[in-house]
Amino acid sequence: QEREMVRVSAATNEIATDEFIRAKIKEKDILAVSAAVAEEANRRDLYSVIAIDEDGIVLSRSAMPSKRGDYIFDKTDWGLTLARGQSFFGFGTSIADTSLLLRGAVPLVESGKITGAVSVFQLLDDAYAVRMRGEDLPESEIAFYMPSGIVSSSFGDEASRQRLTALFPDAEGISSLI
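Fair warning: this is a prediction, and the values are worked out from it, not measured in the lab.

Across all of its chains, the model carries two aromatic pairs by this definition. Aromatic pair Tyr71 and Phe73: ring centres 6.2 Å apart, planes at 65°, arrangement edge-to-face. Residue Phe73 is classed as buried on the basis of its relative accessible area, which comes to 7%.

Right, here's the structure in full:
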């Protein structure tokens, strides 16, 4: 997970320093920024890259291009952090569902003023767990757990997921079990 956090952090910072993306966010050029964030997400094998304007309004989401226009700065913990001009890196859940995410978010600041923001998400789903197992732990199984139960794993079947969830009924917070 540490390697993946470094990868997401580096991708977030690199995308946030891309002059073309910065300019298109500042110009609120939805078409150009949508194409650019989609290209970055595909090139870097990320679940989603989000472009946000200086007011905290989503201009584009690579994973859901038609879902834009929502206000991020006061709706999410990472949005509040961005509104204060600070970067955010960590685990969280999707607003849309209970998906577990690894998230990076960086404000775009010029002359002390926020001109926009970029956020990167890596979905920690079953496919990610299988890929992580293959790269890092070929002799193991991986499960990502939240209080609601196993949210993703490399096990491949629901029965194993339910049995593993039953072993940890009182866990609090987000943890990963390997």
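From this point, the narrative continues.
The next thing to look at is the sheet that holds strand S5 (residues 113–123). Hydrogen bonds between backbone atoms are what pair the strands of a sheet, whose relative direction is either parallel or antiparallel. In space, the five strands of this open sheet follow the order S2-S1-S5-S4-S3, with antiparallel pairing throughout. The open sheet has two edge strands with one neighbour each: strand S2 (58–61) and strand S3 (88–93). Across this sheet, the average inter-strand angle for adjacent strands is 20°, counted without regard to direction. As judged from the ten bridges shared by strand S4 (residues 100–110) and S5, these two strands associate in the antiparallel manner. Note on S5: the bridge partner recorded for Ala105 is Ser119. Sheet contacts for helix H1 (residues 2–16): strand S1 (48–53), S3, S4 and S5; angle to S4, the most-contacted strand, approximately 30°.

Rules used in this analysis
Residues numbered from 1 in each chain as written. Predicted model: local features only at pLDDT ≥ 70, side-chain atom pairs only at ≥ 80, totals over all residues. Heavy atoms only, no water. Phe/Tyr/Trp six-rings, centres within 6.5 Å; stacked < 30°, edge-to-face > 60°. Buried < 20%, exposed > 50% of the residue type's maximum accessible area, 1.4 Å probe, protein only. Pairing = 2+ DSSP bridges. Helix = DSSP H or I, 4+ residues; strand = E, 2+ residues; numbered from the N terminus. Axes fitted to C-alpha atoms, helices over the stretch in contact; angles between N-to-C directions. Contact = heavy atoms within 4.5 Å.

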